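Architecture and fold: a report
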Amino acid sequence: MSPTPASERFKVTLSRNLNLFDITMIGVGAMIGAGIFGLTGIAAGEAGPVGLMLAFLLNGIVTSLTGLSYAELGAARPAAGGGYAWAKEALARVYGFFAGWISWFSHAVACSLYGVLFGTFFTELLEIAGFPIDTSLAIFGLTHEEIWVKVIATLAILLFMIINIRGSSETGMVGNVITIFKLLVLGTLVIFGVKAMFNLPNWADNFLRDPSPLPFGWGGVTLAMGLTFVAFEGYEVIIQSAEEVKNPVRNIPRAIFLSIGVVVVIYLAVAFVSIGALQQNSGLPNWIYMGENGERAMIETARAIMPYGAFIMVLGGLASTTSALNATIFSSSRVSFAMGRDHDLPAIFGSIHPRNKTPYWATWLSGALIIFMAVALPVSDVASSASITFLLLFLLVNFAMIRMRTTHPDIDRPFRVPFVPYLQYFTILIQLVLAAHLFSLSPIAWGVTIVWLLLGGVVYKRYGGKIEAKKEEDTILLEETIASKEYSVLVPVANISAVPELANLGALFARANDGELFGLHVVYMPHHLSATDGRKFLRQGRPILDEVVAVGKQYDVPVRTMIRIGRNIGDSIISAARERDANLMILGWPEHTAHQKEAFGTIIRLISKNPPCDLAVVRHRHHKPAQSILVPAAGGPNARLALQLALIEAEALEAKTGKPVKITALNIAPGLDMSDAEAVAARRRRVLDDLDLPNLPFELEIIAADDIVNGILNYADGFDQIIVGASNEGLLEQTFFGSIPQKIAEEALTTVIMVKQHDMVKYGIRQWLTRRTKRKKETARA
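Quick look at the structure, then.

1. Topic: a nonpolar patch on the surface
Together, Val151, Leu155, Leu158, Ile162, Ile348, Trp361, Trp364 and Leu365 make up a nonpolar patch on the protein surface, roughly 660 Å² of accessible area in all. Of all the elements in the fold, those that place two or more residues in the nonpolar patch are α7 (144-166) and α16 (360-376). Counting residues per element, the nonpolar patch draws most heavily on α7, which supplies four residues. By the element assignment, Val151 lies in helix α7.

What follows is the structure, given as structure tokens:
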């Protein structure tokens, strides 16, 4: 019987484990980045005291208008990719390419900004620590301090490039901790600022008479809005995480607006106390003093407002830039990787590291762009470039939203934007005005952006315009079936060495139940890769499942094979069992490795929860067929399953080898008086009879032992196999102290199988018993 693929299908199987709080914190953490710590002073110098607060408030409104488009598209199309994916779907291919091209550049430039600000905060930390930097020296027009900033920024970017290439990433919990720390730093500044303002009877003069609320008019406000717009762009990461959000239809729109609302309130509070509470001796109005200090303005403000303010603000800035560096290096390399995979960029961008499973070439090449921008441009130009490109990206998203209302009128839209398309055209107009206004602040930024767009036209003509990208689904799931059977034995296998023992045992049970052998290989996919990227690793599982097919041929049972990817291997195994409606799952016992605790934790979780089917966990000690099987039996459904599996295995082995297999049910009676042994044996026999196993060919042995584990192990000497029912102990006791079956498996010198019965067996071993009893009756009649 040769395996012939009957089907090959692809579908989403990622687990959704981010709730509303998690995804909101991701958005807040992405927006409260280096912008508020490093750009507030520059923006104050451009807009004036009231103008700074108006810039933050109006930016929040403009961002919310684009957030409406993100909310509708994210709820209707809750898949990773964001603006790039939507533009490719809704607009002409050239616009989809430029959405990705701009997105790559915008994240790269934002990363350059965060790198420079990291260098700024780190040099300040060096000065606080007593390592003064000589600012009188100058090289190539840069002061010694500026050179230090550039060098430190370059080293930091290189470090996080290596971290991303190696596959390390910030977990959700770590990200939440960093976000909360940033909120605490800014919240402390606000509290001390409000307290200081209570002691300043004329604090309002800092806003109204210094010399005027809007010294540069609305033009200054618009300029500050464009400069700080990059500080409001982070909510796009909510869409990029959409594949892993619980109830994305409900939570994605709510998370977008919650995160924007939280950020606007915090930015307004910080701007308010920075202008109103600052006391300094320069003789300049506070907003001019902040503008002259540029990216260091918040450090000087905190120094004046609260104890250890400079040190606390430096720590907050370092935490913010560190988190932002990691996130934007990931996102910029991820966009360029997706474009390389879709043939919009050279194929080298789509390469994945064979061991780390990271887009390493996309990371190196994105890093080169990031370092160039960080070294070549001043902070204000870098920030302006980032804001311009994000404004252009959001502009394309608004166009995509309008277009999808026409091209996809029938898709389910749980959240609908009102006043389409007029609201979007109004938003697009505002974004164009903000982007155009930045020319007066940084002509260099517009020059760099135009050069980048022209270069994109050349790249599109060479790649994107000629090669049609292949249409791919979000998650790869490869399944090959020879013949579908009602009864299915699922055997997850991680490597070839695990196949012989697990597949042979699974084939025995499948043959006895006229069922199929279901071989499953799960490819772990880290969070820094999307589900689609797993296709590159499918071939790694082919040889493993070919071995399963070979075992199935030996036993003449049909074999179903599946390769799937998952963030959590245990969850993927459970999903496969439920989707197939498997009857029995056979798992290998984790060996003594560095990951043993993690692996056993997965098994404990499967056993402590209600497994999706009958479960057997096997620890092999030898490779010969069992001729004697010991079943410790104390009653209960798991003991019944252990005896059932022993009977099935024994009968199958007898049919295959022609040799009888002995089954012994063992019961331990602590403190047993041997004079009462017969009475105890009768009671135990009645207990076993209650298991609904009539006329099964096994022997019952009862022994006295004070320690159950040692009693079983001592009696097991000479047996080829032990099949023991899972413990009923709680998860906490099993995790910290180990269950009796676990101790037996770890200490026994023979093969041990620990089993647990599924509570709701649809096509379980009971059917086999029914069929077996029926065959015996028919034989007796004949």
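Structure's up, so let's keep going.
2. Some words on the nonpolar core
Counting residues in hydrophobic clusters, the biggest one holds 143 residues, and the most contacted among them are Trp101, Leu113, Leu189 and Ile256. A total of 17 residues in this core trace back to one element, the largest contributor, which is helix α6 (residues 93-128). The residues touching Ile256, leaving out its near neighbours within four places in the chain, are Gly67, Tyr70, Ala71, Tyr235, Ile238 and Ile239.

3. Some points on the packing of helix α4 (residues 49-76) against helix α10 (residues 217-228)
Packing of α4 against α10 leaves a shortest axis separation of 8 Å and a crossing angle of 55°. Relative to α10, the element α4 is oriented oblique. For the crossing formed where α4 meets α10, the hand is right-handed. Touching Gly51, Leu54, Ala55, Phe56, Leu58, Asn59 and Val62 of α4 are Trp218, Val221, Ala224, Met225 and Thr228, all from α10.

4. Some points on the pattern of salt bridges
Taken as a whole, this structure holds eight salt bridges when the rule is applied. Between Arg405 and Glu72 there is a salt bridge; the shortest N-O distance is 2.8 Å. A residue pair is termed long-range when its members are at least 10 positions apart, and Arg405 in helix α17 (residues 379-407) and Glu72 in helix α4 qualify at 333 residues. We note that Arg405, like Glu72, is buried. Among the ionic pairs, Arg303 bridges to Glu124, the shortest N-O distance being 3.0 Å. Of this pair, Arg303 sits in helix α14 (residues 297-305) while Glu124 sits in helix α6; the two residues are 179 residues apart in sequence, bridging distant segments of the chain. Residue class for Arg303 comes out partly exposed when judged on its relative accessible area of 42%. Each of the salt bridges in this network shares a partner with another, and the network as a whole consists of Glu124, Arg296, Glu300 and Arg303.

5. What about the side chain of Thr664?
By the secondary structure assignment, Thr664 is in strand β10 (residues 662-668). If sequence neighbours within four positions are ignored, Thr664 has contacts with Ile629, Leu630, Val631, Glu699, Glu701, Tyr715 and Phe719.

6. A look at helix α15 (residues 309-341)
The end-to-end C-alpha distance of α15 is 47 Å, a good match for the 48 Å that 33 residues give at a rise of 1.5 Å each. Looking one or two places after α15, you find His343, whose phi comes out positive at around 70°.

7. Notes on unusual backbone geometry
Cis geometry marks the peptide bond from Val420 to Pro421, where omega comes out at 5°. With respect to the helices and strands, the residue Pro421 is situated in the loop between α17 and α18 (422-441). Despite not being glycine, Asp514 has its phi angle at roughly 50°, a positive value. For Asp514, the location among the structural elements is in the loop between α20 (499-512) and β5 (516-524). Unlike most non-glycine residues, Asp556 shows phi in positive territory, near 60°. Asp556 gets classed as exposed once you look at its relative accessible area, which sits at 58%.

8. Some details on the environment of Ile563
By the secondary structure assignment, Ile563 is in strand β6 (residues 559-566). Put simply, Ile563 and Val523 are 40 residues apart on the chain and 7.3 Å apart in space, counted from C-alpha to C-alpha.

9. Focus on the environment of Val94
In this fold, Val94 is placed in helix α6. Along the backbone, Val94 and Gly457 are 363 residues apart, and their C-alpha atoms lie at a distance of 9.0 Å.

10. Topic: the side chain of Thr222
On the secondary structure map, Thr222 appears in helix α10. Relative accessible area serves as the criterion here: at 15%, Thr222 is assigned to the buried category. Beyond its immediate chain neighbours, meaning those up to four positions away, Thr222 contacts Val433, Leu434 and His437.

11. What to know about the packing of aromatic side chains
Any aromatic ring pair is given by two values, namely how distant the centres are and how the planes are angled relative to each other. Tallied over the full model, the rule gives 24 aromatic pairs. Relative to Phe232, the ring of Phe56 lies with its centre 6.4 Å away and its plane at 50°, an arrangement referred to as tilted. Residue Phe56 is found in helix α4, and its partner Phe232 is found in the loop between α10 and α11 (236-240); the two are separated by 176 residues along the sequence. You'll find Phe56 and Phe232 in the same group, each marked buried. Residues Phe97 and Trp101 carry aromatic rings whose centres are separated by 5.8 Å and whose planes lie at 20° to one another, so their mutual orientation is stacked. Taken together, the residues span about one helical turn, with Phe97 and Trp101 both in helix α6 at a distance of four residues. Each member of the pair, Phe97 together with Trp101, is buried. Here the aromatic cluster, defined as three or more aromatic residues joined through ring pairs, consists of Phe97, Phe98, Trp101, Trp104, Phe105, Phe349, Trp452 and Tyr460.

About the cut-offs
Residues numbered from 1 in each chain as written. Predicted model: local features only at pLDDT ≥ 70, side-chain atom pairs only at ≥ 80, totals over all residues. Heavy atoms only, no water. Patch = residues over 30% accessible without salt bridge, like charges linked within 9 Å, V, L, I, M, F, W, Y side chains within 5 Å. Areas by Shrake-Rupley, 256 points an atom, 1.4 Å probe, with all protein chains shown as cover. Salt bridge = Lys/Arg side-chain N within 4 Å of Asp/Glu carboxyl O. Helix = DSSP H or I, 4+ residues; strand = E, 2+ residues; numbered from the N terminus. Core = buried A, V, L, I, M, F, W, Y, C linked by side-chain atoms within 4.5 Å. Buried < 20%, exposed > 50% of the residue type's maximum accessible area, 1.4 Å probe, protein only. Contact = heavy atoms within 4.5 Å. Axes fitted to C-alpha atoms, helices over the stretch in contact; angles between N-to-C directions. Parallel < 35°, antiparallel > 145°, perpendicular 65-115°, else oblique. Left-handed = near helix turned anticlockwise from the far one by under 90°. Expected span 1.5 Å × (residues − 1). Phe/Tyr/Trp six-rings, centres within 6.5 Å; stacked < 30°, edge-to-face > 60°.

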